[in-house]
Amino acid sequence: MYYKEQFVFKGNEVIKAVVRNYRKEDFEGMIDIQRECFPPPFPEELLWNEQQLSNHLEYYPEGALCVEIDGELVGSLTGLLVNFDYGDLEHTWEEVTDRGYITTHEPDGNSFYIVDIGVKPAFHKMELGKLLQQAAFERVVEDRLERVIGGGRMPGFARYSDEMTAEQYAEKVVKGELKDPVITFLLRSGRTPVAVVADYLEDEDSGNNALLMEWKNPFIQHAKNQKF
């Protein structure tokens, strides 16, 4: 299991953060994170429920990660294992995660697939999302998996959807010509683009698209990816 202490910064203030696996007693805190990340009018029934969180601990507890500051859970990341193939990129979030219940977890999978990542808004400037992703990267190295992978929303696309395709928008973000709240953050966290996946999730701002992004384990040899 995973436990890490690290100092983070809030302006000039230095604060100790703990990244660890979440447990059953953390469920209320996990749901609170989602409430703050997805306030109304986001439907309450789409937030984590206790059955989903129980499944995370049953199927892949190593992928159930949270960050804690002064005893408060302020961010989380959940993953599962899949067998990823560059030749088969079309999928939806619901299909690959079983709507967040992760019964689709493949114990012998080659890749750590990020189901969800969120940080409470009051803690956004402390780079805790990077810290959580670093924990996922370290899991990949520890277990000799091939990559971290997952779909990133493209909420900035809504402003440009009449001018360009989702693929063109993603290319401009990757080149630094545009900034996207999610994709730019993921690039700064070390993720690299694979392909735009259409109809990935119901998300009006992204035009229902997501940019599939990965972090490759640098200690193993990879086939070249020519998809993006």
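Residues numbered from 1 in each chain as written. Predicted model: local features only at pLDDT ≥ 70, side-chain atom pairs only at ≥ 80, totals over all residues. Heavy atoms only, no water.

### Considerations on the overall build of the protein chain
Which entries qualify depends on this criterion: Working definition: helices are DSSP H or I runs of at least four residues, strands are E runs of at least two. Numbering for both runs from the N terminus. With C-alpha atoms as the basis for the radius of gyration, the globule rule is written as 2.2 Å multiplied by the number of residues raised to the power 0.38. Relative accessibility under 20% of the residue-type maximum defines a buried residue, over 50% an exposed one, and the middle range a partly exposed one, all with a 1.4 Å probe and only protein chains included.
Tallying secondary structure elements over the protein chain gives six helices and eight strands in all. Along the chain direction, N to C, the helices and strands of the protein chain fall in the order β-β-α-α-β-β-α-β-α-β-α-α-β-β. In terms of overall dimensions, the protein chain is globule-like: its C-alpha atoms have a radius of gyration of 17 Å, near the 17 Å expected for 228 residues. In terms of principal-axis extent, the alpha carbons of the protein chain reach across some 45 × 35 × 35 Å. Across the 228 residues of the protein chain, 50% fall into the buried class.

### Some words on the pattern of salt bridges
Just so we agree on the cut-off: Think of a salt bridge as a Lys or Arg side-chain nitrogen and an Asp or Glu carboxyl oxygen that are within 4 Å of each other.
Summed over all chains, the structure comprises 17 salt bridges. For the salt bridge of E72 with K120, the shortest nitrogen-to-oxygen distance reads 2.8 Å. In this pair, E72 is assigned in strand β4 (residues 72-82) and K120 in the loop between β5 (111-119) and α4 (128-142), connecting sequence segments 48 residues apart. Residues joined in a network through salt bridges with shared partners are E146, R147, E214 and K216.

### Some remarks on the pairing of strand β2 (residues 13-21)
Put simply, the rule reads: By definition, two strands form a pair when at least two bridges between them are found by DSSP.
Bridge count between strand β1 (residues 3-10) and β2: eight bridges; the pairing is antiparallel. Looking at the pairing, E5 lines up with V18 of β2.

### A word on the sheet that holds β4
Paired through backbone hydrogen bonds, the strands of a sheet run either parallel or antiparallel to each other. As a reminder of what qualifies: Between N-to-C directions, angles span 0 to 180 degrees; the directions come from axes that are lines fitted to C-alpha atoms, helices contributing only their stretch in contact. By the convention used here, residues are in contact when the closest approach between their heavy atoms is within 4.5 Å.
The eight strands lie next to each other as β1-β2-β3-β4-β5-β6-β8-β7, forming an open sheet whose pairing is mixed. Across the chains shown, the open sheet's two edge strands, defined by having one partner strand only, are β1 and β7 (192-197). Averaged over neighbouring strand pairs, the angle between their axes works out to 25 degrees when direction is ignored. Those strands touched by helix α1 (residues 27-37) are β3 (64-69), β4 and β5, and its axis lies near 95 degrees from that of β4.

### Let's talk about the pairing of strand β6 (residues 147-152)
Let me state the cut-off plainly: By convention a crossover is right-handed if, when the strands point away from the viewer, the path from the first strand over the helix to the second runs clockwise.
Within β6, five of the six residues are buried, which leaves the element mostly enclosed by the surrounding structure. In the sheet, β5 pairs with β6 via three bridges, with the strands oriented parallel. Of the residues in β6, the one forming a bridge with F112 is V148. One crossover worth recording links β5 to the parallel β6 by way of α4, and it is right-handed.

### Concerning the environment of E36
Of note, E36 is situated in helix α1. Here the alpha-carbon distance between E36 and K120, two residues 84 residues apart in the chain, equals 5.8 Å. Sequence-distant contacts of E36, defined by excluding residues within four places in its chain, comprise K120 and P121.

### A closer look at the packing of α1 against helix α2 (residues 50-59)
Worth spelling out the cut-off: Throughout, a crossing is termed right-handed when the near helix is turned clockwise from the far one, and left-handed when it is turned anticlockwise from it by less than a right angle.
At a closest axis distance of 10 Å, the pairing of α1 and α2 adopts a crossing angle of 115 degrees. For the crossing formed where α1 meets α2, the hand is right-handed. Every residue of α2 that contacts α1 at F27, M30 and I31 is listed here: E50, L53, S54 and L57.

### Some thoughts on the state of the cysteines
This is how it is decided: Count a disulfide wherever a pair of cysteine sulfur atoms falls within 2.5 Å.
Summed over the entire model, instances satisfying the criterion amount to zero disulfides. Between C37, a cysteine without a disulfide, and C66, which holds the nearest cysteine sulfur, the sulfur-to-sulfur distance is 13 Å.

### A word on the side chain of K120
For K120, a relative accessible area of 5% corresponds to the buried category. Sequence-distant contacts of K120, that is, excluding residues within four places in its chain, are made with D32, I33, E36, C37, E72, L73 and V74.

### Notes on the packing of aromatic side chains
Geometrically, a pair of aromatic rings is defined through the distance of the ring centres and the angle of the planes. Applicable threshold: Here the aromatic set is Phe, Tyr and Trp, taking the six-membered ring for Trp, and pairing holds for ring centres within 6.5 Å; pairs whose planes are under 30 degrees apart are stacked, those over 60 apart are edge-to-face, and all others are tilted.
Evaluation of the coordinates by the stated rule reveals five aromatic pairs. Geometrically, the ring pair formed by F84 and Y86 is edge-to-face, given 5.2 Å between the ring centres and 85 degrees between the ring planes. Residue F84 is classed as buried on the basis of its relative accessible area, which comes to 14%. The exposure class assigned to Y86 is buried, which follows from its relative accessible area of 14%. Between F137 and W215, the ring centres sit 4.3 Å apart and the planes meet at 10 degrees, which makes this aromatic pair stacked. Here W215 lies in strand β8 (residues 210-216) and F137 lies in helix α4, a separation of 78 residues in the sequence. For the pair F137 and W215, one class covers both residues: buried. These aromatic residues form a ring-pair network of at least three members: F157, Y160 and Y169.

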